[in-house]
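Spelled out from the first residue to the last, the chains are:
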Amino acid sequence: MPTNTTRSLQSVNFPGRYATVRSDSLGYLDPVTSASTTAVKQSATFTIVPGLADGSCYSFRDASGRYLRHKDLRIRADASNGTTLFDKDATYCARPGSATDSVSLESYNYPGRYLRHYNYELRLDTFQDNATFRADSSFKAVNPWA
């Protein structure tokens, strides 16, 4: 994935749904279309930057400057507090996804745990060697909605 570019993260197995951050600051897999509101489109748009904890990995920043990070195994968007722990929580390393041109995002500080959707919630879950998990944890970085 190219860094310092703005992209949306499209689900491989639900192609009409994208990684978003709702008003509760939690991450979800929500439908986004050309008819969606500007706010919804912005919630599904991130700038991909070099990983805060490791520049060979990635971090995802929203328009307000918050980063996708995990806390209690839930994906959320928070402003950086400048700590090493935050930097690690907001860093994901790309691994091959389940479909062409897709990636799975492995947690930097919890190796073996991946960003995935479950009941349309974005979580950090332990890798499971089955087709459902591989599809639920695979995303395509596509043209941004906003």
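Computed from a prediction, not measured in an experiment: that's the story for all the values here.

Enquirer: Just checking my understanding: could you explain the side chain of Ser25 for this structure?
Expert: Along the chain, Ser25 falls in the loop between β2 (17–21) and β3 (27–31). For Ser25, a relative accessible area of 15% corresponds to the buried category. Side-chain polar atoms of Ser25 contact the side chain of Arg66, separated by 3.0 Å. Beyond its immediate stretch of four places on either side in the chain, Ser25 contacts Arg66, Arg76 and Ala77.

Enquirer: Hey, could you run me through the nonpolar core in this one?
Expert: In a soluble, globular protein the nonpolar side chains are often hidden away together inside. By size, the foremost hydrophobic cluster in this structure holds 18 residues, and its most contacted members are Phe60, Tyr92, Leu105 and Leu115. When contributions to this core are tallied by element, the ones reaching two or more residues are β2, β4 (46–50), β5 (58–61), β7 (74–78), β9 (103–107) and β11 (121–126). Setting aside its immediate chain neighbours within four residues, Leu115 contacts Ile75, Tyr92, Leu105, Leu122, Arg123, Leu124, Ser137 and Phe139.

Enquirer: Looking at this model, I keep getting lost on the pairing of strand β6 (residues 67–71). Mind explaining?
Expert: Here is the key point about a regular strand: its side chains alternate between the two faces of the sheet. The buried fraction of β6 amounts to four of the five residues, a majority that puts the element mostly inside the structure. As paired elements, β6 and β7 share five bridges and run antiparallel to each other. By the bridge assignment for β7, His70 is matched with Ile75. Where β6 folds back onto β7 in an antiparallel hairpin, the turn is made up of two residues, including Asp72, whose phi is positive at roughly 55°.

Enquirer: Would you mind showing me how to read the environment of Val40 here?
Expert: By the element assignment, Val40 lies in helix α1 (residues 38–43). For Val40, a relative accessible area of 30% gives the class partly exposed. In sequence terms Val40 and Trp145 are 105 residues apart; their C-alpha atoms lie 8.8 Å from each other.

Enquirer: Just to check I follow, could you spell out the state of the cysteines for this structure?
Expert: Formally, a disulfide is one covalent bond, and it connects the sulfur atom of one cysteine to the sulfur atom of another. Going through the model one piece at a time under the given rule, you end up with one disulfide. There is a disulfide in this structure between Cys57 and Cys93, and the S-S distance comes to 1.9 Å. Taking the sign of the S-S torsion, 85° for the link of Cys57 and Cys93, the bridge is right-handed. On the criterion of sequence distance, the pair formed by Cys57 in the loop between β4 and β5 and Cys93 in strand β8 (residues 92–96) is long-range, its members being 36 residues apart. When its relative accessible area of 7% is taken as the criterion, Cys93 is described as buried.

Scoring rules and cut-offs
- Residues numbered from 1 in each chain as written.
- Predicted model: local features only at pLDDT ≥ 70, side-chain atom pairs only at ≥ 80, totals over all residues.
- Heavy atoms only, no water.
- Helix = DSSP H or I, 4+ residues; strand = E, 2+ residues; numbered from the N terminus.
- Buried < 20%, exposed > 50% of the residue type's maximum accessible area, 1.4 Å probe, protein only.
- Polar contact = N/O pair within 3.5 Å; in protein donor to acceptor, adjacent residues only side chain to side chain.
- Contact = heavy atoms within 4.5 Å.
- Core = buried A, V, L, I, M, F, W, Y, C linked by side-chain atoms within 4.5 Å.
- Pairing = 2+ DSSP bridges.
- Disulfide = S-S within 2.5 Å.

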